[in-house]
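The primary structure of each chain is shown beneath.
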Amino acid sequence: MRKNIIFLLCLLLTGVCFGQKKFLIDEIITASSNDLRLSIGHHFAASEGSDFWLGNKSAALEISHGLTRRWGFGAYLGAQSCYVVADDEVRYRPAFSFGLATSFHFLPFFVLGAPHWDPYIMGKVGGCYVSTLHLEYAVGLGIGYYFNRHFGLFLEGSYGTTSLCEKEAESLSPLHPQCRIGLSYKL
């Protein structure tokens, strides 16, 4: 009788251990439903009616909440420098951007055993304020790599618009490529 009880206890513990392993893998993939990101970016666009290219650096803070394991939704706030052309003089003025961002993470559809990588599709829409408010939007792809449950790096490439240059209260920035790199912290 005693051997049967020990045998059943060993079976029960083995089952709990296997269940715990799957739980830990799922937990690492979706370590948290909140993600705080700090990034630097670069915008690169041709100026309308000119042969020169505009480029600027930007910094942004973004917080995202996972509505499901694969879909996140959040808000961002950023700052950048903007060219201002007035009376044939070029100056720089700070521009501030804000808006909503979303991401769709597709790796959990295919692989459960690669918890460190996080490829996704992203989109954002918002405003950029220089001296007036301009519409800003972008769509693109991104990939993140998490060193542990909380800390990681990400890289995004997107195509969209934001105010890089302003001439007489008119935005001169057409659709252009954008690139962001940054740190990510899962809360």
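Residues numbered from 1 in each chain as written. Predicted model: local features only at pLDDT ≥ 70, side-chain atom pairs only at ≥ 80, totals over all residues. Heavy atoms only, no water.

K.L.:
Would you take a moment to explain the packing of aromatic side chains for this structure?
P.N.:
Any pair of aromatic rings gets described here by the distance separating the centres and the angle formed by the planes. Evaluated as defined, the whole model comprises three aromatic pairs. Aromatic pair Tyr145 and Phe147: ring centres 5.4 Å apart, planes at 80 degrees, arrangement edge-to-face. Among the residues examined, Tyr145 registers a relative accessible area of 28% and is labelled partly exposed. Both rings, one in Phe151 and one in Tyr185, keep their centres 4.9 Å apart while their planes meet at 50 degrees; by these two values the pair is tilted. (Phe/Tyr/Trp six-rings, centres within 6.5 Å; stacked < 30°, edge-to-face > 60°. Buried < 20%, exposed > 50% of the residue type's maximum accessible area, 1.4 Å probe, protein only.)

K.L.:
Explain the pattern of salt bridges to me, please; I cannot follow it from the model alone.
P.N.:
Any two side chains of opposite charge can pair if their charged atoms end up close together. According to the stated counting rule, one finds four salt bridges in the structure shown. The residue Arg37 makes a salt bridge to Asp35 at a minimum N-O spacing of 3.3 Å. For the residue pair Arg37 and Asp35, the accessibility class agrees, reading buried in each case. Here Arg180 and Glu62 are joined by a salt bridge, their closest N and O atoms 3.1 Å apart. Pair noted here: Arg180 is in strand E10 (residues 176-186) and Glu62 is in strand E2 (residues 53-66), with a separation of 118 residues, a long-range link. A relative accessible area of 16% means that Arg180 is categorised as buried. By relative accessible area, Glu62 is classed as buried at 11%. (Salt bridge = Lys/Arg side-chain N within 4 Å of Asp/Glu carboxyl O. Helix = DSSP H or I, 4+ residues; strand = E, 2+ residues; numbered from the N terminus.)

K.L.:
Any chance you could explain the pairing of strand E6 (residues 133-146) here in plain terms?
P.N.:
On a regular strand, each side chain points to the face opposite its neighbour's, so the side chains alternate between the two faces of the sheet. Of the two faces of E6, only one is covered, namely that formed by His134, Glu136, Ala138, Gly140, Gly142, Gly144 and Tyr146; the face formed by Leu133, Leu135, Tyr137, Val139, Leu141, Ile143 and Tyr145 stays uncovered. Bridge count between strand E5 (residues 117-129) and E6: 13 bridges; the pairing is antiparallel. Within E6, the position partnered with Tyr129 by the bridge is Leu133. From the end of E5 to the start of E6, which pair antiparallel, there are three residues. When E6 meets strand E7 (residues 151-161), the two strands line up antiparallel, connected through ten bridges. Across the sheet, residue Ala138 finds its bridge partner in E7, namely Gly160. Counting the residues that bridge the hairpin from E6 to E7 gives four residues. (Pairing = 2+ DSSP bridges.)

K.L.:
Is there a simple way to think about the side chain of Ser97 in this case?
P.N.:
For Ser97, the location among the structural elements is in strand E4 (residues 89-105). Apart from the residues within four sequence positions on either side, Ser97 is in contact with Tyr76, Leu77, Gly78, Gly127, Cys128 and Glu136. (Contact = heavy atoms within 4.5 Å.)

K.L.:
When you look at the environment of Arg37 in this model, what are you seeing that I'm missing?
P.N.:
Mapped onto the fold, Arg37 is located in strand E1 (residues 34-46). On the accessibility criterion, Arg37 (6% relative accessible area) is buried. Residues Arg37 and Ser64 lie 27 residues apart in sequence; the distance between their C-alpha atoms is 8.2 Å. Leaving out residues up to four positions away in the same chain, Arg37 has contacts with Ala60, Leu61, Glu62, Tyr120, Tyr146, Phe154, Glu156, Arg180, Leu183 and Ser184. For Arg37, the side chain forms a polar contact with the side chain of Asp35, separated by 3.3 Å. At 3.0 Å, the side chain of Arg37 forms a polar contact with the side chain of Tyr120. (Polar contact = N/O pair within 3.5 Å; in protein donor to acceptor, adjacent residues only side chain to side chain.)

K.L.:
Hey, could you run me through the environment of Ile40 in this one?
P.N.:
Along the chain, the position of Ile40 falls in strand E1. If near-sequence neighbours (up to four positions away) are discounted, Ile40 is found in contact with Ser58, Ala59, Cys179, Arg180 and Ile181.

K.L.:
Looking at this structure, how should I read the environment of Pro174?
P.N.:
Topologically, Pro174 is positioned in the loop between strand E9 (170-171) and E10. Using a relative accessible area of 25% as the deciding quantity, one classes Pro174 as partly exposed. Separated by 14 residues in the primary sequence, Pro174 and Gly160 have C-alpha atoms spaced 8.2 Å apart.

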